[in-house]
Amino acid sequence: MSKSPFMAGVAADISALTGREKELMRDAGIQWLRTGNLGFDPQAFLRGEKQPGKFLAAKQRMAALRREGFRFTGITPGPLKMPETAGAPGSSAYLDNYRRICAFLGEEYRELVDYWQVANELDIWIFRHTLTLEQSVDFLKAGIRGVKETNAKSKVGINITLFPSRPGKVDGNTEAHEGVFIAKGIYQDSGLELDYAGFDSYPGTWREGGAESWNEYLDAFYALTGKPIIIQEFGYSSAGEMMTPEENRSGIYPCKAKKWRFSWNGKGHTPEAQAEFIEASYRIFAQKPHVLGATYFRWTDPEKCWQCGQADCPVETAWGLLDRAKKPKPSYYSYQAVLRDILGNRK
């Protein structure tokens, strides 16, 4: 596997990767895997108990993958994973316990994880759980300091998705400008040691726009954070009909309608449109010296939508480079071709 300076990655369930899948990844030039499935039990840690067997199993699995040439971005637990024993959410005890948790993970995964993403998209209310925006900034700072405390060489950052800020749009921004608030709170604190700015976005599916939107998004995000960018999540759904004008005006959630509000340049959501989106996006990424890498979401299509639990809902079931049978879609081949053409990621 080549050592391209660009971090070409994918979000994958590393516990279920087959030999064939790993070969497909290598053929596509995918070297980086992003995962939060570390087998870690915060409750056991805070009680001073030994970690469960799944923790050791996750470490062994990751060590084996590293020996095969893969590298990792690890995700620390978010507020949803914090047990009651951590203390009142947002309190000093709670934040110190989170710092301790991240320090433990930084030490335990010292030889396995190169980049850490502290929590996930705390600008979205569902991920910050009961924390306020101000408490979320404190939570992230505690995690950043924790990882750096025990593993100073690791690369650390956070990710946000509600950017650019567009209140009133269905992507979740309100007048609180959640994404900008979190980004400023973290990246404009000179006392924090940060290595990159993580950015997630789905223009053409969850937002208006499309591949061309990356120019505005990435340049403005770099200007805001002052840090090189890793796109921790991006993608384009390969399935789903479009809402009727009446459905769109009603504000119905895509999961309930089982349809999309947005598509890219009227292309709809098809395997072919997904393939075109990936190629067009990567051609823009490659032109940006401040972009370190990009993680495609996701490797395979899951059996059902994690939001509504329905197998026929396109909202969380059609992002993969591989379908449910783990057969490559057109998007897999476009991903492979664009990496070879632009980034020099060759087997």
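These figures come from a predicted structure and were not determined experimentally.

### Concerning empty space enclosed by the protein
Right, so step 1: All chains considered together, the criterion is met by three cavities of 30 Å³ or more.
Right, so step 2: By volume, the largest cavity amounts to about 60 Å³.
Right, so step 3: Taken together, Arg166, Lys169, Val170, Asp171, Arg207, Glu208, Tyr217 and Phe262 form the lining of the largest cavity.
Right, so step 4: Taken together, the residues of the lining of the largest cavity break down into three nonpolar, no polar and five charged.
Right, so step 5: Its boundaries defined by the atoms lining it, the second largest cavity holds a volume of some 40 Å³.
Right, so step 6: In terms of lining residues, the second largest cavity is bounded by Val170, Thr205, Trp206, Pro254, Trp260, Arg261 and Phe262.
Right, so step 7: Among the residues forming the lining of the second largest cavity, the class breakdown is five nonpolar, one polar and one charged.

### Comments concerning unusual backbone geometry
Right, so step 1: Omega for the peptide link from phenylalanine 163 to proline 164 comes to -5 degrees, which places this bond in the cis form.
Right, so step 2: Following the sequence through the fold, proline 164 ends up in the loop between strand S6 (159-160) and helix H7 (178-187).
Right, so step 3: Even without being a glycine, glutamate 121 presents a positive backbone phi close to 50 degrees.
Right, so step 4: Mapped onto the elements, glutamate 121 comes out in the loop between strand S4 (113-117) and helix H5 (125-128).
Right, so step 5: The exposure class assigned to glutamate 121 is buried, which follows from its relative accessible area of 6%.
Right, so step 6: Non-glycine residue histidine 177 carries a positive phi angle of around 50 degrees.
Right, so step 7: Classification of histidine 177 by relative accessible area gives partly exposed; the value is 33%.

### Quick look at the side chain of serine 237
Right, so step 1: Tracing the chain through its elements places serine 237 in the loop between strand S8 (229-234) and strand S9 (241-242).
Right, so step 2: In this structure the side chain of serine 237 is engaged in a polar contact, spanning 3.0 Å, whose partner is the backbone oxygen of alanine 239.
Right, so step 3: For serine 237, the residues in contact, after removing those within four places along its chain, are Thr205, Trp260, His269, Thr270, Pro314, Ala318 and Trp319.

### Here's the deal with the side chain of serine 201
Right, so step 1: Mapping serine 201 onto the fold places it in strand S7 (residues 197-201).
Right, so step 2: You can call serine 201 buried: its relative accessible area is 1%.
Right, so step 3: Excluding anything up to four places from it in sequence, serine 201 contacts Thr161, Arg207, Trp214, Tyr217, Glu233, Phe234 and Gly235.

### Points about the sheet that holds strand S3 (residues 71-75)
Right, so step 1: Pairing within the open sheet is parallel, and its nine strands lie in the order S5-S4-S3-S2-S1-S11-S8-S7-S6. In this open sheet, the two strands that pair with only one neighbour each are strand S5 (155-157) and S6.
Right, so step 2: Lying on the sheet, helix H8 (residues 213-225) is in contact with S6, S7, S8 and strand S11 (291-296); it crosses S7 at an angle near 150 degrees.

Each value, and the rule that gives it
Residues numbered from 1 in each chain as written. Predicted model: local features only at pLDDT ≥ 70, side-chain atom pairs only at ≥ 80, totals over all residues. Heavy atoms only, no water. 1 Å grid on protein atoms, 1.4 Å probe; cavity = no way out; pocket = protein on both sides within 12 Å on 5 of 7 lines; lining within 4 Å. Points joined across faces, edges and corners; volume = space filled by probe spheres on them. Nonpolar A, V, L, I, M, F, W, Y, C, P; charged D, E, K, R; others polar. Helix = DSSP H or I, 4+ residues; strand = E, 2+ residues; numbered from the N terminus. Buried < 20%, exposed > 50% of the residue type's maximum accessible area, 1.4 Å probe, protein only. Polar contact = N/O pair within 3.5 Å; in protein donor to acceptor, adjacent residues only side chain to side chain. Contact = heavy atoms within 4.5 Å. Pairing = 2+ DSSP bridges. Axes fitted to C-alpha atoms, helices over the stretch in contact; angles between N-to-C directions.

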